[in-house]
Amino acid sequence: MSNPSETSQDNSTGIPAIASAAVFASSSQIPEGTKLIRGYDFDDGVDYNALLKSYATTGFQAASFSRAVEIINNMRAWRLSDEPIADNDQGDDLDIEYRKSVKCKVFLGYTSNLISCGVRETIKYLVKNKMVDVVVATAGGVEEDFIKCLAPTYMGAFTNKGSELRSKGLNRIGNLIVPNDNYCKFEEWVMPILDQLLLEQKRDGIVWTPSKIIHRLGKEINHPDSIYYWAYKNDIPVYCPAITDGSLGDMIYFHSFRNPGLVVDLVQDIRGVNGQAVYAKKTGIIILGGGLVKHHICNANLMRNGADFAVFINTAQEFDGSDAGARPDEAVSWGKIKVDAESVKVYAEASLVFPLIVAQTFASGN
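**A word on the overall build of the chain**
Working step 1: In terms of regular secondary structure, the chain is built from 17 helices and nine strands.
Working step 2: The globule rule puts the C-alpha radius of gyration for 366 residues at 21 Å, and the 26 Å found for the chain is more than 25% above it.
Working step 3: The principal-axis extent of the C-alpha atoms belonging to the chain is close to 100 × 65 × 50 Å.
Working step 4: Across the 366 residues that make up the chain, the buried fraction comes to 43%.
Working step 5: Counting only carbon and sulfur atoms, one obtains 52% of the accessible surface of the chain, whose full area is about 19600 Å².

Okay, here's the thing in structure tokens:
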């Protein structure tokens, strides 16, 4: 018996009608103004600015890169004067010149590996030049900055064998090598400072918080290569809710035996970081990596019903339900990013793309 679908044929070609209809299905009209896919033409020479701009029409993660550049430039350009005066505005909010001076508050978060690698210098540039307003880092993202002021980190290889490195007192961070002596130098530097913090706590009644400790360490390091030296100089708050989760925590642990009594208060800092979001007219968030720093910034912005601009850069996937892998749309469902916010996630390794994004935004001179 013949297949019924094969009995219906195009009389002119003999092609089964079902196959012809499937292959030659008609298209709906593409909306006018939709970008055409076209990459960079190297026959025009090597122009890195033009190359990066061409990402907007390259597709895939190149297009996400371009969208991140656009969103960051939008958050940098925003002024309160862009918004109509609201019925409940009062005081300075009614003054046009004041409204022109009010900018979007930019939160920057990053994980420790980005300070271990050369992205540290990119972040230092942003903090030194007051291009971000609030920083959230991991403990490693704090201590590695100070350690690099005391001793260098070296290039290694992902294939360096752990057992061999351990026998030589060398620590591997991906394809970076950090001699264990660096952490010994960190201990020698930080222990007297912890002694002084405890003295001031007892003598002057100072209640230390992670952000206050980082501010003080930035002052004490007194080194122009340090991110936190410039955060101290520019009075940019740095929040680190898990300050004990790293070498700095090791030092605090050892100090608690040697000279016990130092107390670190987290409550002041949760009020501080949440307040940074609550009282801002507009907020933008740039988060490199995932985990603690991503959630801490997003959760602070929940307190104002969401950030207005958001750029995530990481390699995590969402299929496991992790916060690191979650796209901005998941944060929208929690009220951590506004429903009408401009947002994008760039699926890329930050050391590869973040310096290029900064080149097209903060460092562009626009």
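**A few points about the sheet that holds strand β4 (residues 170–173)**
Working step 1: The strand order across the open sheet formed by three strands is β3-β5-β4, and the pairing between neighbours is antiparallel. Looking at strand neighbours, the two that pair on one side only are β3 (154–155) and β4, the edges of this open sheet.
Working step 2: Strand direction decides the pairing type here: β4 and strand β5 (residues 176–179), joined by four bridges, are antiparallel. Counted as the bridge partner of R172 is I177 from β5.
Working step 3: In the packing of helix α10 (residues 180–204) onto the sheet, the strands contacted are β4 and β5, and the crossing angle to β5 comes to about 50 degrees.

**Some details on the packing of helix α4 (residues 60–77) against helix α17 (residues 350–360)**
Working step 1: Axis separation between α4 and α17 bottoms out at 9 Å; the angle between their running directions is 45 degrees. One finds that α4 runs oblique with respect to α17. Read as a crossing pair, α4 and α17 show a hand that is right-handed. Where α4 abuts α17, its residues F65, A68, V69, I72 and N73 lie against V353, L356, I357 and Q360.
Working step 2: Each residue belonging to the contact of α4 with α17 can be placed in one class, and the counts come to seven nonpolar, two polar and no charged.

The rules behind these values
Residues numbered from 1 in each chain as written. Predicted model: local features only at pLDDT ≥ 70, side-chain atom pairs only at ≥ 80, totals over all residues. Heavy atoms only, no water. Helix = DSSP H or I, 4+ residues; strand = E, 2+ residues; numbered from the N terminus. Rg over C-alpha atoms; globule rule 2.2 N^0.38 Å. Buried < 20%, exposed > 50% of the residue type's maximum accessible area, 1.4 Å probe, protein only. Areas by Shrake-Rupley, 256 points an atom, 1.4 Å probe, with all protein chains shown as cover. Pairing = 2+ DSSP bridges. Contact = heavy atoms within 4.5 Å. Axes fitted to C-alpha atoms, helices over the stretch in contact; angles between N-to-C directions. Parallel < 35°, antiparallel > 145°, perpendicular 65-115°, else oblique. Left-handed = near helix turned anticlockwise from the far one by under 90°. Nonpolar A, V, L, I, M, F, W, Y, C, P; charged D, E, K, R; others polar.

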